[in-house]
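Letter by letter, the chains look like this.
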Amino acid sequence: MQNGEHFGMEDETYTDIDGKAISLECQSHSGFCREFTVSSAKVSISRVMVYTCAVWMTAYIIFFFTELLLFQNTAVLSSAIIITLVGMMIHIHFVKVDHETLLVIGSLGVQVSSSYASGRESTDFIEMDKIKDIVINEAIHMQRVIYYLCILLKDPSDPSGVSSVVPLFQSSKPRLNCLVKVYRSCQEILAKC
Amino acid sequence: MVLKIFFPQCCNKADSGLLVGHWLPGQDSAVVLAVIHYPFIPGQVKQYIHQIRGQSGVDLAVLGSWSMPKEGQEGMESFLRELRTIFPQGRWLQLSREMGKIGFTSGGEGKTKEEKTGEEGDKVIFVHYEQRKVMLSQLHPTDPPVPLTQSTSELRQVFGTVSQSESLFFLDKYDDSPVKLTHWQSEGREGSIIVELMKQASTPVCLLTAWILVLWTSLCNSRSVCLGRVLEPSETLKANIFMSFLLDVTLGLLLIYWLYRENRVGQLANALLPAADRVAKELEELLQWLMGAPAGLKMNRALDQVLGRFFLYHIHLWISYIHLMSPFIEMILWYVGLSACLGLTFALSLLSDIIALLTFHIYCFYVYGARLYCLKVYGLTSLWRLFRGRKWNVLRQRVDSCSYDMDQLFIGTLLFTILLFLLPTTALYYLVFTLLRMVVVMVQGVLQLTVDFINSFPLFALGLRVFRSYTLAEGVKFSVLCEEPGTPLHLMMDINPLKFSSVVQTYRTATYSCYPKDSWLALCKKLFLGELIYPWRHKTTKID
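Note that the coordinates shown come from a computational prediction; the quantities given were computed from them, not determined experimentally. (Residues numbered from 1 in each chain as written. Chains lettered and ligands numbered in written order. Predicted model: local features only at pLDDT ≥ 70, side-chain atom pairs only at ≥ 80, totals over all residues. Heavy atoms only, no water.)

### Overview of unusual backbone geometry
Excluding glycine, residues mostly have negative phi values, and the peptide bonds linking residues are mostly trans. All names here are of chain A. Threshold: Per the convention used, a helix needs a DSSP run of H or I reaching at least four residues, while a strand needs a run of E reaching at least two, with both numbered from the N terminus. Burial classes follow relative accessibility: with a 1.4 Å probe on protein chains only, a residue under 20% of its type's maximum area counts as buried, one over 50% as exposed, and anything between as partly exposed.
The backbone of Phe169 sits at a positive phi, close to 55°, despite the residue not being glycine. With respect to the secondary-structure elements, Phe169 resides in the loop between β10 (162-167) and α3 (176-192). In this structure, Lys173 is a non-glycine residue whose phi angle is positive, near 45°. When you line up the elements, Lys173 lands in the loop between β10 and α3. Accessibility expressed as a relative area gives 35% for Lys173, which makes it partly exposed.

Following this line, the structure appears as structure tokens:
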């Protein structure tokens, strides 16, 4: 049983649709249980510094203007600090996704989970009865065509129809080579059970 | 097919014995509920299981054998194999675990014809679950209760099986009974009742009351065990309403404390009269402005004067009325403030009514202006049709052509011209008073929304979500437990609690509130035509 394979440091480097580097990790726990983790780039310090400096420069400028015109108001500075801190906390807790995981357990179901930069994890489990298939779909996003992996859910009223589509790896948006690897692995498991 | 065994965590360290549980119909899975220990008499075991089956309605059966051999217990394996003949089943599980190892092995299951060997271990998944949490949790969206025999999703069946098997968990291995079981109660037994009480102390008031009742009945049966109960959705709703009411009353009492502490009521009453005077003065100034040349527009002098004087007289009447009331205002406010002990929502609703009363003159002006404008528009449309040689046919509800006499046409045209040139004046008055009325309506609307929010907020459900997140389950999450080579796959099933937004959405108490039923477009149309707008209309009330 192979345990962990890291892809991304070897000849095949994966990127997302915008060109940023991502990494894919495939773990095979058993013959019919596999876990795929796609990790995006971490929060870059330079961007944080640039953003913080911009906000504080603006706050200082406003402060000096109000000082010149009317009165000294430190509320501008303190509100700038508070806004920066709150904004950063909201960003790492709700917006920035660290890695996304897909756990496929044959005959039980598929678990999709996103883990945010603050450590928060949001998980969703879909039972095998509801899953029709896992496919790679095309989509038109602005001016380009992108591929994404998705789970097709069965329609209870119509056995051959599809009731809804659950897209996977939404934040990391890997490219086709990465998706094909995951797709082939998933199809092996789905075919067995 | 892969066999799935749902195994409770509390039985991981249980002594060897028989597995009792339920085979899920239609799926290749089994839910293990408890382990029966030695020594036991097979006949008594069968009788006990039959009794529990009748009590709980769950199709319990002996699933197989569980062996965790300790020192000095050799020969257990052969004994366990012989048990199979005593309990004839279609499938028989043989789970074994060695001390010091984490993984289980399963073997020897299968039909009587073939005995499958160790490689079968690859096709079994063990899903560990925490029995107490699964028993107490409620899967959302809560469907109406279906019997377990119908085909629902596998997870729902698992949750349903565990929660319906409460009667199985009454007897324990420490009890003096012919059948000794291990299940989730076994781990709680060692703890003192103080610990159990402290665990329950985090529950809000009404659950505590329910638990006290359970404790009372369980004390009467002389056992010190605290059985949790699965909360039905209707109970949660009732608890929500109770908690909202409590919160309401608390906030109201706080308001009273704040109001009466420094004679704020007196201050309010003293401030009220000058405020009303100021409002009246502002209105007078506004009317004077309208009577002049408002925003550079030239009004029809005569009509302007008439309307302006008419409204000014009204304001004068209103001010006299307020001055008449002034000695009683403080007394009234004092008693009204006391009514806040019935809840903050009560005080807010009263405030909304007081605002309506105090701005009654604005409402009157709006009605006068609207009616005048409406009449004008109505006359204009009718005379415009006459202008073009048409008429409104009331019988057929449509516009027909009609030939008028010369006199009719002449007078009609004259009237049309008069109305048309008087339109800007009336329209301006209408506009001003409609805006004022909208301001008052919005203030009342905000108060109404606050009242609604306080009433419908599901405080109890949120408290449950924060303190006992496993009771409100949106789903489950799996994590792979560390595996050893040669053992089948072990997964840990945790409960995925509901998101806060879903909690609020599911458990909002419906309030009897009257929202405006018109869309924005319909509202604009009504405003343009001069129809009166009644924002707070219930469905049953008629509109005159």
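Now that the structure has been shown, the text picks up again.
### What about the pairing of strand β7 (residues 121-127) of chain A?
Looking along a regular strand, one sees the side chains alternate between the two faces of the sheet. Residue and element names in this part refer to chain A. This is how it is decided: Any two strands with at least two DSSP bridges between them are considered paired.
Relative to β7, strand β6 (residues 109-116) is paired through 7 bridges, and the arrangement is antiparallel. When the bridges of β7 are listed, Ser113 appears paired with Thr123. The antiparallel hairpin formed by β6 and β7 contains 4 residues in its connecting segment, where Gly119 sits at a positive phi of about 100°.

### Some points on the UniProt feature "transmembrane region" (unreviewed entry) in chain A
Keep this limit in mind: UniProt positions are given in the numbering used here, feature names are shortened, and annotations may be inferred rather than shown by experiment.
The feature "transmembrane region" (unreviewed entry), as annotated in UniProt, sits at residues 48-70 and 76-95 of chain A in this numbering. Annotated as 100% helix and 0% strand, the span residues 76-95 of chain A places its first and last C-alpha atoms 26 Å apart.

### Let's talk about the sheet that holds strand β8 (residues 131-141) of chain A
Residues and elements named next belong to chain A. This is how it is decided: Axes, fitted as lines to C-alpha atoms, cover a helix only where it is in contact. Angles between the N-to-C directions of the axes lie from 0 to 180 degrees. Contacts between residues were defined by any pair of non-hydrogen atoms, one from each residue, lying within 4.5 Å.
Pairing is antiparallel in the open sheet, where 3 strands are placed in the order β8-β9-β10. Each of the sheet's edge strands pairs with one partner strand only, and the pair in question is β8 and β10. Across the sheet, the mean angle separating the axes of adjacent strands is 40° when strand polarity is ignored. In terms of strand pairing, strand β9 (residues 144-154) meets β10 through 5 bridges, oriented antiparallel. Each residue of the ladder has a partner; that of Leu152, found in β10, is Val165. Packing against the sheet, α3 makes contact with β8 and β9, and its axis sits at approximately 165° to β8.

### Focus on helix α9 (residues 264-291) of chain B
The criterion, for reference: The span one expects for a helix is its residue count, reduced by one, times 1.5 Å.
Between its terminal C-alpha atoms α9 of chain B stretches 40 Å, which fits the 40 Å expected from 28 residues at 1.5 Å a residue. Burial in α9 of chain B covers these residues: Arg264, Val265, Gly266, Ala269, Leu273, Ala276, Ala280, Leu283, Leu287, Leu290 and Met291 of chain B.

### Quick notes on the packing of helix α10 (residues 301-338) of chain B against helix α13 (residues 406-456) of chain B
All names here are of chain B. To keep it simple, the criterion reads: When an angle is under 35 degrees it counts as roughly parallel; over 145 it counts as roughly antiparallel; between 65 and 115 it counts as roughly perpendicular; any other value is oblique. Basically, the charged four are Asp, Glu, Lys and Arg, the nonpolar ten are Ala, Val, Leu, Ile, Met, Phe, Trp, Tyr, Cys and Pro, and anything else, Gly included, counts as polar.
Running from N to C, α10 and α13 point in directions that differ by 25°, and their axes come no closer than 10 Å. In terms of orientation, α10 lies roughly parallel with respect to α13. Taking contact as the criterion, the partners of Leu303, Asp304, Leu307, Gly308 and Phe311 in α10 are, on α13, Leu422, Thr425, Thr426, Tyr429 and Phe433. Residues of the contact of α10 with α13, tallied by class, amount to 6 nonpolar, 3 polar and 1 charged.

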